[in-house]
Amino acid sequence: MSVKDDALQSPWNHPASIFAEQMSTWDTDGYVILKGFFAHAVVKAVNHLVDQLWRVQTQLDSKLSVDIYLENPKQERLLLSHAPLEARQSPYKINDLYLESPLVRSIMLDQRLREILKSLLDGEPLLMNSLNFERGSSQPAHVDTLFISPRKHEKLVVVWLALESINSESGPLLVYPGSHKIVPFQARKGGTCIEADEMPQFNHYMDAQLRKHNIKAKEFIAEPGDILIWHAQLLHGGKAIQDPQKTRKSLVCHYFRKQEYWPQPWRVKRAEQGGHYYMRPHQRVAKQD
Ligand SMILES: O=C(O)CCC(=O)C(=O)O
Ligand SMILES: [Fe+2]
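Residues numbered from 1 in each chain as written. Chains lettered and ligands numbered in written order. Predicted model: local features only at pLDDT ≥ 70, side-chain atom pairs only at ≥ 80, totals over all residues.

### A short note on the overall build of the protein chain
A tally of helices and strands in the protein chain yields six helices and 13 strands. Each principal axis of the C-alpha atoms in the protein chain carries an extent, and together these give about 50 × 45 × 45 Å. Across the 289 residues in the protein chain, those meeting the buried criterion constitute 40%. (Helix = DSSP H or I, 4+ residues; strand = E, 2+ residues; numbered from the N terminus. Buried ≥ 20, exposed ≤ 12 C-beta atoms within 10 Å, placed from the backbone.)

Spelled out as C-alpha cells, the structure:
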C-alpha cells in the first residue's frame with residue numbers, strides 16, 4: 001500500500017464538513033487539533049526516512065542542515081552529513097527536509113490539509129519550511145513571527161504532526177489558547193521580527209499579557225498521526241523534557257500564502273502530487289568541511 005492510498009483511509013476524507021466545527025476553536029484559541037489526521041503508515045514512512053538519513057548520513061551528498069544540542073550552550077548548525085552520530089541522542093532538528101524529500105512534500109501538502117490551510121489563510125498555502133524533531137525542542141515560549149516574516153501580516157500558519165505517542169514527560173508542544181489575540185510585540189526596527197537581544201523585552205511583555213488575560217499553557221498530548229495547526233500570532237513552545245530517555249518525534253511545517261510569493265515564479269514550485277512549495281537555498285552552516 002502506498003503512503004497516499006493509506007492516507008486516504010484516515011477518517012479525515014471530508015474536511016469541508018468537519019472543518020466548520022473546528023472553526024470556532026480556531027477563532028477563540030488560535031489553533032485546532034485534528035486527531036488521527038494521518039494514517040499510521042504515513043507516520044511510519046516519515047520515521048523510516050529519518051532513520052535512513054542517519055544511517056547513511058556520512059555519505060549524504062546534500063546541503064541538508066541539522067541544529068544539534070538545541071537550547072544548550074553547545075547548540076550548533078552543521079551539515080547533516082557532518083553531524084556527530086551521538087547528537088541524535090539529544091534534542092536536534094533537521095531543517096527543510098521538504099526541499100529534498102517528495103515524501104515530506106506529499107504528506108505536508110496532502111490535498112485534505114491544503115483545503116483546510118486554504119480556508120485558514122484565505123488563499124492557497126505555500127509550504128516554506130520543515131523541521132524534523134526526535135526529541136522535545138525545549139524552545140522557550142515564542143510567536144513565530146518574531147523570526148519569520150510573511151509578506152502579508154498574519155498570513156502564516158503552522159502544522160505540527162505527531163510521529164509517535166507523546167506524553168507529558170517527553171517535552172510536549174505547549175500552546176497558549178487565545179494568545180493570538182494579544183497585540184503583537186513591536187520590534188525595534190518595526191514589524192514583528194526581533195533581534196536576539198530583544199527576547200527579554202518580548203518575554204516581559206508576554207508575561208504581563210498572559211497574566212492580564214489569564215492565559216495558561218496547555219500541553220499537546222498526542223497520538224501518532226494527530227496534527228495541531230496554529231495561527232501566526234499564537235504563543236507556543238516546547239515543555240522542558242522531564243525524562244531524557246523519551247523521544248518526541250514530530251514534523252513541523254510553516255506555510256505562507258502563495259499569492260504573496262507568485263511574483264518570483266522560480267521560487268514557487270508545484271509539488272508532484274499537487275500544492276506548492278517555496279524553493280530556497282538550505283540554511284547556511286558556519287563551516288562545511
Ligand atoms: O516543536 C516544538 O517544540 C516547537 C516548534 C516550534 O516552535 C516551531 O516549529 O515553530
Ligand atoms: Fe515556533
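### Re the environment of serine 62
With respect to the helices and strands, serine 62 occurs in the loop between helix H3 (40-55) and strand E2 (65-68). Given 15 C-beta atoms within a 10 Å radius, serine 62 is considered partly exposed. Along the primary structure serine 62 and serine 81 are separated by 19 residues, whereas in three dimensions their C-alpha atoms are 7.6 Å apart. Serine 62 has contacts with Ser81 and Glu100, leaving out every residue within four places of it along the chain. (Contact = placed C-beta atoms within 7 Å.)

### Considering the site of ligand 1
Neighbouring residues of ligand 1: Leu131, Phe133, Ser137, Gln139, Asp144, Val158, Leu173, His236, Gly238, Ser250 and Val252. Taken together, the elements giving at least two residues each to the shell around ligand 1 come down to strand E5 (125-133), strand E10 (236-238) and strand E11 (250-257). Across the shell around ligand 1, the residue classes tally to five nonpolar, five polar and one charged. (Near = placed C-beta within 6 Å. Nonpolar A, V, L, I, M, F, W, Y, C, P; charged D, E, K, R; others polar.)

### Focus on the pairing of strand E6 (residues 157-162)
Summarising burial for E6: six of the six residues are buried, a large majority. Where burial is concerned, the two faces of E6 agree: the one with Val157, Val159 and Leu161 and the one with Val158, Trp160 and Ala162 are both buried. Judged from the five bridges that link them, E6 and strand E9 (residues 227-231) form a sheet pairing that is antiparallel. Among the inter-strand pairings, valine 158 is bridged to a residue of E9, identified as tryptophan 230. Where E6 meets E11, six bridges bridge the pair, whose relative direction is antiparallel. Each bridged residue has a counterpart across the sheet, and for tryptophan 160 the counterpart in E11 is valine 252. (Pairing = 2+ DSSP bridges.)

### Focus: H3
The terminal C-alpha atoms of H3 lie 22 Å apart, and with 16 residues this matches the ideal 22 Å at 1.5 Å per residue to within 8%. Listed as buried for H3 are Val42, Val43, Val46 and Leu53. Mapping the buried residues of H3 onto a view down its axis gives an arc of 105°, with all of them on the same face. In H3, the exposed residues that point more than 90 degrees away from the buried face are His48, Asp51, Gln52 and Arg55. (Expected span 1.5 Å × (residues − 1). Arc of directions from axis to C-beta.)

### Some remarks on the nonpolar core
Core analysis: the largest hydrophobic core is formed by 63 residues, its most contacted members being Leu127, Val157, Val159, Ile229 and Tyr255. If one sorts the elements of this core by residue count, E6 sits on top with six residues. The residues touching isoleucine 229, leaving out its near neighbours within four places in the chain, are Tyr31, Val32, Leu120, Val157, Val158 and Val159. (Core = buried A, V, L, I, M, F, W, Y, C linked by C-beta atoms within 7 Å.)

### Some points on the sheet that holds strand E8 (residues 218-219)
Spatially, the three strands line up as an open sheet ordered E8-E7-E10, and their pairing is antiparallel. If you trace the sheet from one side to the other, it starts and ends with E8 and E10, each paired once. Examined bridge by bridge, strand E7 (residues 173-175) and E8 share two bridges and lie antiparallel to one another. Residue pairing in the sheet places valine 175 in a bridge with lysine 218 of E8.

### Topic: the confidence of the model for the protein chain
Chain-level statistics for the protein chain give a pLDDT mean of 92 and a share of 91% at 70 or above. Between residues 1-5, whose pLDDT stays under 50, and residues either more than four places distant or in other chains, the model counts nine contacts. (pLDDT = per-residue confidence, 0-100.)

### Details of helix H5 (residues 111-121)
If you check which residues of H5 are buried, you get Arg112, Leu113, Arg114, Ile116, Leu117, Leu120 and Leu121. Aspartate 122, located one to two residues past H5, shows a positive phi value of around 60°.

### Digging into unusual backbone geometry
Here aspartate 122, not a glycine, exhibits a phi torsion of approximately 60°, which is positive. The residue glutamate 154 is not glycine, and still its phi comes out positive at about 70°. Relative to the elements of secondary structure, glutamate 154 occurs in the loop between E5 and E6. In this structure glutamate 154 comes out as partly exposed when scored by C-beta crowding, with 15 C-beta atoms within 10 Å.

### A closer look at the environment of glycine 178
Structurally, glycine 178 is set in the loop between E7 and helix H6 (199-212). Here glycine 178 falls in the partly exposed class, since 18 other C-beta atoms lie within 10 Å of it. Residues glycine 178 and glycine 30 lie 148 residues apart in sequence; the distance between their C-alpha atoms is 5.7 Å. Excluding residues that lie within four positions of it along the chain, glycine 178 makes contacts with Thr28, Asp29, Gly30, His213 and Ile215.

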